[in-house]
Amino acid sequence: MDTELKTIYDHSVRFHGHPGVFLAIGIRMGLLALEYLNSKGYFELEAFIQTRERPPYRCLLDGIQFSTGCTIGKGNLEIKYSRNGDIFGVFKTQSGNKFEIKVLPEFLEHIKKQIKDVDRFNMHNIAEQVLKMNEKEIFSF
């Protein structure tokens, strides 16, 4: 894992309160959107995220907020809760460019099995694996 990604993850863990797999997924999702849109984030980006309504799935939102600067407070992060279990995001720049990204259902199933019996404070190793994975193993975009 590169140093910058590790630093972002470590700071986001302090913000979030504990290490988390879905926190790592949110970071990866946000950074990928910034890269593809060639955006600095914060005020020049809007994020529309659909996720499941309960933790640990909602933890993805903290990863997105931390990596993109899109926040609920600024009004450039909008959340919709999924009834069918899909987790995806649409990121838009002020210039109208758009990036759509979805967490692969088979990846979600894999992660659910991995974290099933792991305490939330001991997710560090699994989260670091997610940070090291190829983006195409996690997302379709």
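Conventions adopted
Residues numbered from 1 in each chain as written. Predicted model: local features only at pLDDT ≥ 70, side-chain atom pairs only at ≥ 80, totals over all residues. Heavy atoms only, no water. Helix = DSSP H or I, 4+ residues; strand = E, 2+ residues; numbered from the N terminus. Rg over C-alpha atoms; globule rule 2.2 N^0.38 Å. Buried < 20%, exposed > 50% of the residue type's maximum accessible area, 1.4 Å probe, protein only. Contact = heavy atoms within 4.5 Å. Salt bridge = Lys/Arg side-chain N within 4 Å of Asp/Glu carboxyl O. Expected span 1.5 Å × (residues − 1). Core = buried A, V, L, I, M, F, W, Y, C linked by side-chain atoms within 4.5 Å. Pairing = 2+ DSSP bridges. Axes fitted to C-alpha atoms, helices over the stretch in contact; angles between N-to-C directions. Polar contact = N/O pair within 3.5 Å; in protein donor to acceptor, adjacent residues only side chain to side chain.

## Some thoughts on the overall build of the chain
Scanning the chain from terminus to terminus reveals 6 helices and 5 strands. Ordered by position in the sequence, the α and β elements of the chain form the string α-α-β-α-β-β-β-α-α-α-β. Here the C-alpha radius of gyration of the chain, 14 Å, is about what a compact globule of 141 residues would show, namely 14 Å. Along the three orthogonal principal directions, the C-alpha set of the chain runs to about 45 × 35 × 30 Å. Within the chain, the proportion of its 141 residues that are buried is 49%. Counted over contacts in the chain with a minimum sequence separation of 6, partners at least 24 positions apart contribute 72%.

## Remarks on the pattern of salt bridges
Scanning all chains against the criterion turns up 5 salt bridges. With its nearest N and O atoms 3.7 Å apart, the salt bridge here joins Lys-102 to Asp-86. Taken together, the positions of Lys-102 in strand S4 (residues 98–103) and Asp-86 in the loop between strand S2 (77–81) and strand S3 (88–93) put the pair 16 residues apart, joining distant regions of the chain. Accessibility expressed as a relative area gives 28% for Lys-102, which makes it partly exposed. With a relative accessible area of 24%, Asp-86 lands in the partly exposed category.

## A look at helix H2 (residues 21–37)
In this model, H2 (17 residues) spans 24 Å end to end at C-alpha, consistent with the 24 Å of a helix rising 1.5 Å per residue. Here H2 lies mainly inside the structure; 14 of its 17 residues are buried. Directly after H2, the chain includes Asn-38, whose backbone phi takes a positive value near 50°.

## Concerning the nonpolar core
Burial of nonpolar side chains together is a common tendency in soluble globular proteins. Val-21, Phe-22, Ile-25, Met-29, Ile-49, Phe-91 and Phe-107 are the most contacted members of the largest nonpolar core, which has 43 residues in total. Considering every element that reaches this core, the biggest residue donor is H2, with 11 residues. With residues up to four places along the chain from it excluded, the contact list for Met-29 reads Ile-49, Leu-60, Ile-64, Phe-88, Gly-89, Phe-91, Ile-101, Val-103 and Phe-139.

## Re the sheet that holds S4
Neighbouring strands of a sheet are bound in pairs by backbone hydrogen bonds; such pairs are parallel or else antiparallel. Read across the open sheet, the 5 strands follow the order S2-S1-S3-S4-S5; overall the sheet is mixed. Each having just a single partner strand, S2 and strand S5 (139–140) make up the two edges of the open sheet. Bridge count between strand S1 (residues 45–51) and S2: 5 bridges; the pairing is parallel. When the sheet's bridge partners are listed, Ile-49 is paired in S2 with Ile-79. Strand contacts of H2: S1, S3, S4 and S5, with the helix running at about 155° to S4, the strand carrying the most contacts. Contacts between helix H3 (residues 59–68) and the sheet are confined to S1, S2 and S3, with S1 contributing the most and set at about 170° to the helix.

## So, the side chain of Thr-51
On the secondary structure map, Thr-51 appears in strand S1. Take Thr-51: its relative accessible area is 0%, and that puts it in the buried class. At 3.3 Å, the side chain of Thr-51 forms a polar contact with the backbone oxygen of Tyr-57. Residue contacts for Thr-51: discarding those within four places in its chain leaves Tyr-57, Arg-58, Leu-60, Leu-61, Lys-80, Tyr-81, Ser-82, Asp-86 and Ile-87.

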